Amino acid sequence: MEKKPHFVRREFLPREVSSISLALLLAAVLLLNALLYLYLNTFSSSLGRVETDSGLCPFGHFKFGAVKNCSPWLSCDAINREVRKLKCVGEGAVKKVFLSEWKEKKVVLSQLTNSELKEDFLHGLKMLKALQSKHVVRLLGYCEQQFTILTEYHPLGSLRSLNETLHVPKYKGMNTWHRRLMLAIDYVSVIRYLHSSPLGTLVMCDSNDLDKVLSQYLLTSDFHVLVNDLDALPLVNRSAGRLVKCGHRELRGEFVAPEQRWPYGEDVPFEDDLMPPYDEKTDIWKIPDVSNFFLGHVEGSDIVRLHLFDIHAACKKKDPAERPSAQEVLDTYRKVLTLLIREAAMPGTREML
C-alpha cells in the first residue's frame, strides 16, 4: 500500500525572532552612527572655525566676561585710573606679573622689570596685538610708555599645574584620555597658528625644556589651551633667506631639536656667529614630548600613544625637512580622536554583526 506523504510542520518563530533581533541591532547601529556623525560634525566645526572667529572683536577692541559689546583697549590713563594691583603672582626675566582688579573683575597686569630687555617686552606686546585670536590670551589694554600690558585672568594658571588641577575633585571628571588628547590638539593648533600667522611663520623660541614650554601656555576654565607669552617669536622668511636662532647661547639636551645644538663638537668652543640658523621645524621636534605630558597616565592614554606613534616618529626625524608640518600633525591628531571616539561609542559592533 502506497504511503501518503508525511508533512512535517516547521516552526518559523525562531527565524522570525532572529530577523527581528538583527533588524533592531541594525537600527541601533544606524542610530549610533547618526548620533556620532552629529557629534563629530559639531566637533569638527568647532575645530575648523576660522582663527579669528566671530566671537572676537575688531582690532583694538575686546569683549570681557558676559558683556556682549566690544570695548577699546584700555589706554595708559584708563589703566592708571581704573586698574588696582592685588598681589604679585609671578616674575620672569622680562616682566613681573600682578593679579589685579578692573571694574570688580580679576585681570592680569604685566610690567617690565629689566630695562635691558625692553625690546623683548615690546616685541611681546606687538605680537599680542597682532595675533589676537582664539589661540592667544585676550589683550585688554597696554601702555608702552610705562611698559605695561593688561590681559585676561585665567584662574587655573599655566599648564605647569595641569596634573595637579586634574586631581582636584572638581575637575577629576576631566582626567580622561579624551580630554587630555583634546588639550594636545589645542596645543598643536597653537603651533599651527603661529606657523601660518597673519605675520608669517613664527617660531616659539621660549621652549628649551618642557617646563619652559608649559609656562608659556594657560589653561582656561573650560579646559582649552591659550598661548600667553609671546616675547620670543622670531620670523622665518624663506623667500628672503631669513632663518632664526633662539637666543645667543648654546642649547643642550634632547628636548631641543638637533639643529639647535652646537654642531662642531666639544673640542670647538661655542660661538654664536658660527651657529647655523634654523626654521620652524624645531617646534615640530618638540610636539611628541609635550603631547606625552598632556596624555599623562590615565586609562586609554597608551592606546592614544599607539595611534600617534607614526606621526610622532616623523616629528623626531633628524632632518628637519623630513618632519611633517604642524598642519599635518594636527590633521593626524584629529583623525585619531575621531577614530577613538567612534570605537568607544560602538564597541564590539563588528563582532555582533
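Note: the structure precedes this text.
Bear in mind the structure is a predicted one, so any value in this text is a computation, not a measurement.

(A) Seen up close, the pairing of strand E5 (residues 105–112). Of the strand pairs in this sheet, strand E4 (residues 95–102) and E5 are connected by 8 bridges, and their pairing is antiparallel. Bridge pairing in E5 places Ser 100 opposite Val 107. Linking E4 back to E5 in an antiparallel pair, the connection comprises 2 residues, with Lys 103 at a positive phi of about 50 degrees.

(B) The arrangement of the state of the cysteines in detail. Per the stated rule, a full pass over the model turns up 3 disulfides. Note on cysteine connectivity: Cys 76 is disulfide-linked to Cys 143, with sulfurs 2.1 Å apart. The sign of the 95 degrees torsion about the S-S bond sets the Cys 76-Cys 143 disulfide as right-handed. Here Cys 76, found in helix H2 (residues 76–82), pairs with Cys 143, found in strand E6 (residues 139–143); they are 67 residues apart in sequence, far enough to count as distant. Note on Cys 143: relative accessible area 2%, which makes it buried. Across a sulfur-sulfur distance of 1.9 Å, Cys 205 and Cys 246 are joined as a disulfide pair. Handedness of the Cys 205-Cys 246 disulfide follows from its S-S torsion of about -75 degrees: it is left-handed. Of this pair, Cys 205 sits in the loop between strand E8 (201–202) and helix H6 (210–215) while Cys 246 sits in the loop between strand E11 (235–236) and helix H7 (281–295), and the two are 41 residues apart along the sequence. A residue is classified by how much of its surface remains accessible, and Cys 246, at 8% relative accessible area, is buried. Described in terms of the sequence order of its bonded cysteines, the disulfide pattern of the protein chain is 1-2, 3-4, 5-6.

(C) Quick look at the environment of Leu 86. Secondary-structure assignment places Leu 86 in strand E3 (residues 83–91). With relative accessibility at 35%, the residue Leu 86 sits in the partly exposed group. Taking the C-alpha atoms as reference points, Leu 86 and Lys 106, separated by 20 residues in sequence, lie 9.2 Å from one another. In this structure Leu 86 touches Leu 99, Ser 100, Glu 101 and Lys 106, once residues within four positions along its chain are discounted.

(D) Structural view of the nonpolar core. If you look at the biggest cluster of nonpolar residues, it comprises 73 residues, and the most contacted ones within it are Leu 131, Leu 181, Tyr 187, Tyr 217, Phe 294 and Tyr 333. Counting residues per element, this core draws most heavily on helix H5 (residues 177–195), which supplies 12 residues. Setting aside chain neighbours within four positions, we find Tyr 217 in contact with Gly 157, Ser 158, Leu 159, Tyr 187, Val 190, Ile 191, Met 204, Val 225, Leu 226, Val 227 and Asn 228.

(E) The arrangement of helix H3 (residues 118–130) in detail. Its 13 residues place the ends of H3 18 Å apart at the C-alpha level, agreeing with the 18 Å of an ideal helix rising 1.5 Å per residue. Every buried residue of H3 is listed here: Phe 121, Gly 124, Leu 125, Met 127, Leu 128 and Lys 129.

(F) Geometry of empty space enclosed by the protein. Counted by the stated rule, this structure contains 2 cavities of 30 Å³ or more. Volume-wise, the largest cavity comes out at about 60 Å³. Around the largest cavity, the lining residues are Lys 245, Cys 246, Gly 247, Arg 249, Glu 250, Leu 251, Gln 260, Phe 270, Asp 272, Met 275 and Tyr 278. Tallied by class, the residues present in the lining of the largest cavity amount to 5 nonpolar, 2 polar and 4 charged. Here the second largest cavity is characterised by a volume of approximately 50 Å³. Forming the walls of the second largest cavity are Tyr 187, Ile 191, Met 204, Asp 206, Ser 207, Val 213, Gln 216, Tyr 217, Asp 283 and Lys 286. Secondary-structure elements contributing two or more residues to the lining of the second largest cavity are H5 and H7. Class assignment for the residues of the lining of the second largest cavity results in 5 nonpolar, 2 polar and 3 charged.

(G) Structural context of H5. Between the first and last C-alpha of H5 there are 27 Å, a value that for 19 residues agrees with the 27 Å anticipated at 1.5 Å per step. Counting buried positions along H5 gives 18 out of 19 residues, so the element sits mostly inside the fold.

(H) Seen up close, unusual backbone geometry. One non-glycine residue, Phe 147, lies in positive phi territory at about 50 degrees. Residue placement: Phe 147 occurs in the loop between E6 and strand E7 (148–152). The phi angle at Phe 223 is positive, at roughly 60 degrees, despite the residue not being glycine. Residue placement: Phe 223 occurs in the loop between strand E9 (217–219) and strand E10 (225–227). According to the relative accessible area criterion, Phe 223 is buried, its value standing at 1%.

(I) Local environment of a nonpolar patch on the surface. Residues Tyr 264, Val 268 and Leu 274 make up a contiguous nonpolar surface patch of about 260 Å² in total accessible area. Positionally, Leu 274 belongs in the loop between E11 and H7.

(J) Representation of the pairing of E4. Within E4, 6 of the 8 residues are buried, which leaves the element mostly enclosed by the surrounding structure. Taking the residues between adjacent antiparallel strands as the criterion, E3 and E4 are bridged by 3 residues.

(K) Inspection of the packing of H5 against H7 at higher detail. At a minimum axis separation of 9 Å, H5 and H7 run at an interaxial angle of 160 degrees. One finds that H5 runs roughly antiparallel with respect to H7. Crossing hand, H5 versus H7: right-handed. Where H5 approaches H7, its residues Arg 180, Leu 181, Leu 183, Ala 184, Tyr 187, Val 188, Ile 191 and His 195 are matched on the opposing element by Asp 283, Ile 284, Ile 287, Val 290, Ser 291, Phe 293, Phe 294 and Leu 295. A class-by-class count of the residues in the contact of H5 with H7 yields 12 nonpolar, 2 polar and 2 charged.

Conventions we followed
- Residues numbered from 1 in each chain as written.
- Predicted model: local features only at pLDDT ≥ 70, side-chain atom pairs only at ≥ 80, totals over all residues.
- Heavy atoms only, no water.
- Pairing = 2+ DSSP bridges.
- Helix = DSSP H or I, 4+ residues; strand = E, 2+ residues; numbered from the N terminus.
- Disulfide = S-S within 2.5 Å.
- Buried < 20%, exposed > 50% of the residue type's maximum accessible area, 1.4 Å probe, protein only.
- Contact = heavy atoms within 4.5 Å.
- Core = buried A, V, L, I, M, F, W, Y, C linked by side-chain atoms within 4.5 Å.
- Expected span 1.5 Å × (residues − 1).
- 1 Å grid on protein atoms, 1.4 Å probe; cavity = no way out; pocket = protein on both sides within 12 Å on 5 of 7 lines; lining within 4 Å.
- Points joined across faces, edges and corners; volume = space filled by probe spheres on them.
- Nonpolar A, V, L, I, M, F, W, Y, C, P; charged D, E, K, R; others polar.
- Patch = residues over 30% accessible without salt bridge, like charges linked within 9 Å, V, L, I, M, F, W, Y side chains within 5 Å.
- Areas by Shrake-Rupley, 256 points an atom, 1.4 Å probe, with all protein chains shown as cover.
- Salt bridge = Lys/Arg side-chain N within 4 Å of Asp/Glu carboxyl O.
- Axes fitted to C-alpha atoms, helices over the stretch in contact; angles between N-to-C directions.
- Parallel < 35°, antiparallel > 145°, perpendicular 65-115°, else oblique.
- Left-handed = near helix turned anticlockwise from the far one by under 90°.

Everything listed here is a matter of coordinates, which is why it stays silent on function.
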